[in-house]
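What the coordinates show
Letter by letter, the chains look like this.
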Amino acid sequence: MMAAKIDPRTKIVLVLSLTSMVLVVENLAFVVGIGIISIVCALLMGVELLALVRRYRRILILLLTLSIVQSVFTPGTKVLFEVFGIPLLTEKGLEMGIKTFVRMLVILTSGVIMSTSNYRETIQGLIQWKVPYKIAFMTALSLRFIPIFTEEFQDSMVALQLKGIDFRKIPFGKKTQIYVYLITPIILSSLKHAEEIAITMESRAFGAYQNRVEYLVLRLKGYDYAVMITAVFLSIGYVWVAMMV
Amino acid sequence: MESYIKLTGISYGYPRSRFALRDINLSLNRGEIVGIAGENGSGKTTLGKIIMGILMPDSGNIVIDGVDGKNLKLCERGSKIGYAFQNPDRQLFAANVQDEIIFPLEIKGMDKTTALVRAAALLERFELSHLKERVPMRLSRGEKQRLVLAATLAQEPGFLILDEPATGLDRDRKKALYQLMEELAREGIGLAVISHDLQFIKDHTNRIIRLKDGKVVDDGC
């Protein structure tokens, strides 16, 4: 499939175009448009939408909640919903809420688009763009740790529940205590992981030589250039039209 | 005697993988020590996780202490069945050894004095009293395993699943573990020991369930 062969650098340009557009554009319809474009791009990159929604269900609920809070606390002149004369939702608030949701969704989708490339190729792409190897390697390594931490967090949640703790029945004060218990082993294990990786890298003489030779060399193809140029020009055009409307 | 845990027609497959468990029918009782043996990838740990509710079966039914497993939340199963993970680090949360036993009890509403008394008895039993102020993560593997067992038993479960409990233990500690298993069985707690060490299972359990490719190939003494 073509999407699988797209160079990670092309995906970086695409993702930068999408996130820049969504942060610059203020017009609601255009912001929603960028949201739709980012989802279409993710689909074209081979991301399965249903699996994605299932995987990020909790984050999406969190985003939605944040957007609702944003809507409620943004004052405006045109009231859409009020209780006992107290305005709860204004037109401006609703617009801000939707924009916040779409902006965060685009950032999330961008991450998903980048995750369709394997991390080794992404590092190589960055190196070929003259990003110092150590920085590129650290960036990629930190990205690789995200699913590990997610898994460890889920395991800790399960282990706590197996101690007979029902999260829903705990009073708020004790909930904060529970989160301390949850975070402690994750921090400790991440320190342990970091130490192990540092020892492994030292033992493999990481950074011992100034010049590195590359086994994997990425080459941009015609369609990579086409996608990059289209993404940059379309995003400039899109922002220009959005500002003119 | 009614089984404490009854599995009927349990099947489970990991996503994009072959079946990990196929049509498992088992009855596990209180007071017995059952060994669940099999080679790597035979489905032993998956079976333990299915019983605990960490994984949900694709088909089949589990009844625990007379209650349909579908009606039991993870925390409720955790109060009925204790589970000691293969890696004890995953089950240690607190800042010190004593707190590891006390905090779930306090969160569930037990007063501190009672919790401290229960913790002191368990620490004594597992020879951890002298380590009660230590950070759990800094203990040796054997000490961590004993602490996990102590913390699990503090919940007073009717059944205990131990996933590879003998890993990393020297001969004396293995012997102590076996003695503890016998004591618990005498107290009426059921035990399922998951291990690929068939010799340990043969020597220390009353009943051996052998798994191969996700199926029970042998269930006997």
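Within each chain, residue numbers correspond to sequence positions counted from 1 in written order. Each chain is given a letter, starting from A, and each ligand a number, starting from 1, according to the order in which they appear as written. Whole-chain, interface and lining totals are the exception, using all residues; otherwise, since this is a predicted model, local features are given only for residues with pLDDT of at least 70 and side-chain atom pairs are given and counted only at 80 or more. Side-chain metrics in this entry use all non-hydrogen atoms of the structure; hydrogen atoms and water are not considered.

1. Quick notes on the sheet that holds strand S5 (residues 67-68) of chain B
Residues and elements named next belong to chain B. Any two strands with at least two DSSP bridges between them are considered paired. To qualify as a helix, a DSSP run of H or I must reach at least 4 residues; to qualify as a strand, a run of E must reach at least 2; elements of each kind are numbered from the N terminus. Within the open sheet, the 4 strands sit side by side as S2-S1-S4-S5. Their pairing is antiparallel. Either end of the sheet is taken by a strand with one partner, and the two such strands are strand S2 (19-28) and S5. Summarising the sheet, strand S1 (residues 5-13) and S2 pair through 6 bridges and their orientation is antiparallel. Looking across to S2, one finds that Ile5 is bridged to Leu28. The sheet contacts of helix H1 (residues 44-52) involve S1, S2 and strand S4 (59-64), and relative to S2 the element is tilted by about 60°. Here, residues are in contact when the closest pair of their heavy atoms is within 4.5 Å. Interaxial angle, 0 to 180 degrees, is taken between N-to-C directions of lines fitted to C-alpha atoms, where a helix line uses only the stretch in contact.

2. Quick look at the layout of surface pockets
All names here are of chain A. As defined here, a cavity is a set of points on a 1 Å grid over the protein atoms alone where a 1.4 Å probe fits but cannot get out. A pocket is an open set with protein on both sides within 12 Å along at least five of seven lines, and residues line them when an atom is within 4 Å of a point. Grid points are joined across faces, edges and corners, and a volume is the space filled by probe spheres set on the points. In this structure, the largest pocket spans a volume of roughly 2,200 Å³. The wall of the largest pocket is formed by 48 residues, among which Arg55, Pro147, Thr150, Glu151 and Gln154 lie closest to the centre. Here the element with the most residues in the lining of the largest pocket is helix H8 (residues 133-162); it accounts for 12 residues. Considered class by class, the residues forming the lining of the largest pocket number 24 nonpolar, 13 polar and 11 charged. Both domain 1 (1-117 + 220-245) and domain 2 (119-214) contribute no fewer than three residues apiece to the lining of the largest pocket. Lys, Arg, Asp and Glu make up the charged group, whereas Ala, Val, Leu, Ile, Met, Phe, Trp, Tyr, Cys and Pro make up the nonpolar group; the residues left over, Gly among them, are polar. Domain start and stop points were drawn from an automatic or database domain assignment.

3. Notes on the nonpolar core
For our purposes a nonpolar core is just a set of buried Ala, Val, Leu, Ile, Met, Phe, Trp, Tyr and Cys residues, chained together by side-chain atoms within 4.5 Å. Only protein chains enter the accessibility calculation, which uses a 1.4 Å probe. A residue is then buried if its area is under 20% of the maximum for its type, exposed if over 50%, and partly exposed in between. With 45 residues, the main nonpolar core has Ile5, Leu47, Ile81 and Ile161 of chain B as its most contacted residues. The residues contacting Ile5 of chain B, other than those within four sequence positions of it, are Leu26, Ser27, Leu28, Ile51, Ile62, Val63, Ile81 and Phe159 of chain B. Leu105, Val106, Met114 and Ala242 of chain A belong to the second largest nonpolar core, which has 40 residues in total.

4. Some details on the interface of chain A and chain B
Bring the parts together and some accessible area is lost; that lost area is often taken as the interface size. At the junction of the two partners, chain A supplies 23 residues and chain B supplies 26 residues. Buried area is a sum: the accessible area each of two parts loses on coming together, probed at 1.4 Å, counted once for each and added. Among the residues chain A hides against chain B, the three largest losses belong to Leu162, Lys163 and Tyr181 of chain A. Together they make up 35% of the total. Any carboxyl oxygen of Asp or Glu within 4 Å of a side-chain nitrogen of Lys or Arg constitutes a salt bridge here. On inspection of chain A and its partner chain B, the count reaches 4 salt bridges. The partner of Asp166 of chain A in a salt bridge is Lys73 of chain B, with the nearest N and O atoms 2.7 Å apart. Counting residues per element, the ones that place at least two in the side of chain A that touches chain B are H8 and helix H9 (172-203) of chain A. Of the residues forming the side of chain A that touches chain B, the biggest block, 8 residues, is contributed by H8 of chain A. In terms of residue class, the side of chain A that touches chain B is built from 10 nonpolar, 4 polar and 9 charged.

5. A closer look at the sheet that holds strand S9 (residues 207-212) of chain B
Residues and elements named next belong to chain B. Strand order in the open sheet formed by 6 strands is S6-S7-S8-S3-S9-S10, with mixed pairing between adjacent strands. Both edges of this open sheet fall to strand S6 (81-84) and strand S10 (215-220), since each of them pairs with a single strand only. Adjacent strand axes in the sheet meet at a mean angle of 15° when their direction is disregarded. In terms of strand pairing, S6 meets strand S7 (residues 159-163) through 4 bridges, oriented parallel. Residue pairing in the sheet places Ile81 in a bridge with Phe159 of S7. On the sheet, helix H6 (residues 171-186) packs against strand S3 (33-37), S7 and strand S8 (190-195) and is oriented at approximately 150° with respect to S8.

6. Considering the packing of helix H2 (residues 8-24) of chain A against helix H10 (residues 222-244) of chain A
Residues and elements named next belong to chain A. Relative to each other, H2 and H10 sit at 5°, their axes nearing to 9 Å. The pairing of H2 with H10 is recorded here as roughly parallel in orientation. Along the contact surface, H2 presents Arg9, Thr10, Val13, Leu14, Ser17, Met21 and Val24, while H10 presents Asp224, Val227, Met228, Ala231, Val232, Ser235, Tyr238, Val239 and Met243. Its residues assigned to classes, the contact of H2 with H10 comprises 11 nonpolar, 3 polar and 2 charged. When an angle is under 35 degrees it counts as roughly parallel; over 145 it counts as roughly antiparallel; between 65 and 115 it counts as roughly perpendicular; any other value is oblique.

7. Digging into the domain arrangement of chain A
Residue and element names in this part refer to chain A. According to the domain assignment, chain A consists of domain 1 (1-117 + 220-245) and domain 2 (119-214). Using only C-alpha atoms to locate each centre, domain 1 and domain 2 end up separated by 27 Å. Tallying the contact residues gives 6 residues for domain 1 and 7 residues for domain 2. Summed over both partners, the interface of domain 1 with domain 2 comes to about 650 Å²; 67% of that surface belongs to carbon and sulfur atoms. When the area that domain 1 buries against domain 2 is broken down by residue, the three leading residues are Pro8, Arg9 and Ser117, summing to 64%. Taken together, domain 1 and domain 2 are joined by 0 salt bridges. Pairs of N or O atoms are called polar contacts if they sit within 3.5 Å, as long as, within protein, a hydrogen donor faces a hydrogen acceptor (for residues adjacent in sequence, only side-chain-to-side-chain pairs). Across the domain 1-domain 2 interface, the total number found is 0 residue pairs in polar contact (both at pLDDT 80 or more). Considering only residue class, the side of domain 1 that touches domain 2 consists of 4 nonpolar, 1 polar and 1 charged.

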